[in-house]
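What follows is each chain in one-letter form.
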Amino acid sequence: MLTRPLTLTAWLVFGLLITGCASSPRPSAPILTLPQAARTPCQLPTMPDSPTLADLEVTHDARGLMLAVCDGRRDLAVQSFDAQTRALTPPPRPFWRRVFGD
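None of these values were measured; they are calculated from a predicted model. (Residues numbered from 1 in each chain as written. Predicted model: local features only at pLDDT ≥ 70, side-chain atom pairs only at ≥ 80, totals over all residues. Heavy atoms only, no water.)

Enquirer: Tell me about the overall build of the chain, and name the residues and values.
Expert: Secondary structure summary: the chain contains 4 helices and 0 strands in total. Listing each helix as α and each strand as β along the chain from the N terminus yields α-α-α-α. Put simply, the chain has 102 residues, and 4% of those count as buried. Expressed as a percentage of contacts within the chain between residues at least 6 apart in sequence, the contacts between residues at least 24 apart total 60%. Total accessible area on the chain stands at roughly 9000 Å², and carbon and sulfur atoms take up 67% of it. (Helix = DSSP H or I, 4+ residues; strand = E, 2+ residues; numbered from the N terminus. Buried < 20%, exposed > 50% of the residue type's maximum accessible area, 1.4 Å probe, protein only. Contact = heavy atoms within 4.5 Å. Areas by Shrake-Rupley, 256 points an atom, 1.4 Å probe, with all protein chains shown as cover.)

Next comes the structure, spelled out in structure tokens:
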């Protein structure tokens with residue numbers, strides 16, 4: 001006979017604890033900054049006014065190197081943007097809230 005009131009009290013306390021956790025505010029997501037390497041514009045080398053064959057080869061190699069560096073910077077910027085987007089995107093709503101509403 002004594003167990004019935006204790007069970008009811010336990011369920012009541014348990015329910016109050018659950019509702020207290022559900023109503024607590026979520027921490028704000030961090031704002032990530034774009035690295036400086038991703039902000040600098042790409043400067044590709046150009047040919048001199050009267051190029052020679054050696055100038056063509058040197059410029060070709062330098063442009064290839066700078067394109068690889070620029071691609072790395074672009075990839076870094078994309079990764080930073082994706083990380084910030086994932087941090088700011090709220091988690092999906094639980095099943096029971098989608099079915100029954102908030």
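Enquirer: Would you mind going over the environment of Pro35 in detail, with residue names and values included?
Expert: By the secondary structure assignment, Pro35 is in the loop between helix H1 (3–22) and helix H2 (36–39). Once the C-alpha coordinates of Pro35 and Arg73 are considered, the two residues, 38 residues apart in sequence, prove to be 9.1 Å apart. Ignoring sequence-local partners within four residues, the contact set of Pro35 consists of Leu76 and Ser80.

Enquirer: So what about the state of the cysteines? Which residues, and what values?
Expert: A full pass over the atoms with the stated rule returns 1 disulfide. Covalently, Cys42 is tied to Cys70 through a disulfide, its sulfur atoms 2.0 Å apart. Of the two residues, Cys42 sits in the loop between H2 and helix H3 (53–88) while Cys70 sits in helix H3, which places them 28 residues apart along the sequence. Here Cys42 falls in the partly exposed class, since its relative accessible area comes to 40%. (Disulfide = S-S within 2.5 Å.)

Enquirer: For the pattern of salt bridges, give the residues involved together with the corresponding values.
Expert: Within the structure shown, the criterion is met by 1 salt bridge. For Asp71, the salt bridge identified is with Arg74, shortest N-O distance 3.4 Å. Highlighted residues: Asp71 and Arg74, both in helix H3, separated by 3 residues, approximately one helical turn. Judged by its relative accessible area of 48%, Arg74 is partly exposed. (Salt bridge = Lys/Arg side-chain N within 4 Å of Asp/Glu carboxyl O.)

Enquirer: Help me get a handle on a nonpolar patch on the surface, residues and values and all.
Expert: Together, Phe95, Trp96, Val99 and Phe100 make up a nonpolar patch on the protein surface, roughly 540 Å² of accessible area in all. For Phe100, the location among the structural elements is in helix H4 (residues 95–100). Of the residues examined, Phe100 reaches a relative accessible area of 70% and is grouped as exposed. (Patch = residues over 30% accessible without salt bridge, like charges linked within 9 Å, V, L, I, M, F, W, Y side chains within 5 Å.)

Enquirer: Explain the environment of Gly64 to me, and be specific about the residues and the numbers.
Expert: Take Gly64: it is sitting in helix H3. Residue class for Gly64 comes out partly exposed when judged on its relative accessible area of 40%. Sequence spacing of Gly64 and Pro45 is 19 residues, and the spatial spacing of their C-alpha atoms is 9.8 Å.

Enquirer: How would you summarise the side chain of Thr59 if you had to cite specific residues and measurements?
Expert: Take Thr59: it is sitting in helix H3. Reaching out from Thr59, the side chain makes a polar contact with the backbone oxygen of Asp55 at a distance of 2.7 Å. Filtering out sequence-adjacent residues up to four positions away, Thr59 remains in contact with Pro45, Thr46 and Met47. (Polar contact = N/O pair within 3.5 Å; in protein donor to acceptor, adjacent residues only side chain to side chain.)

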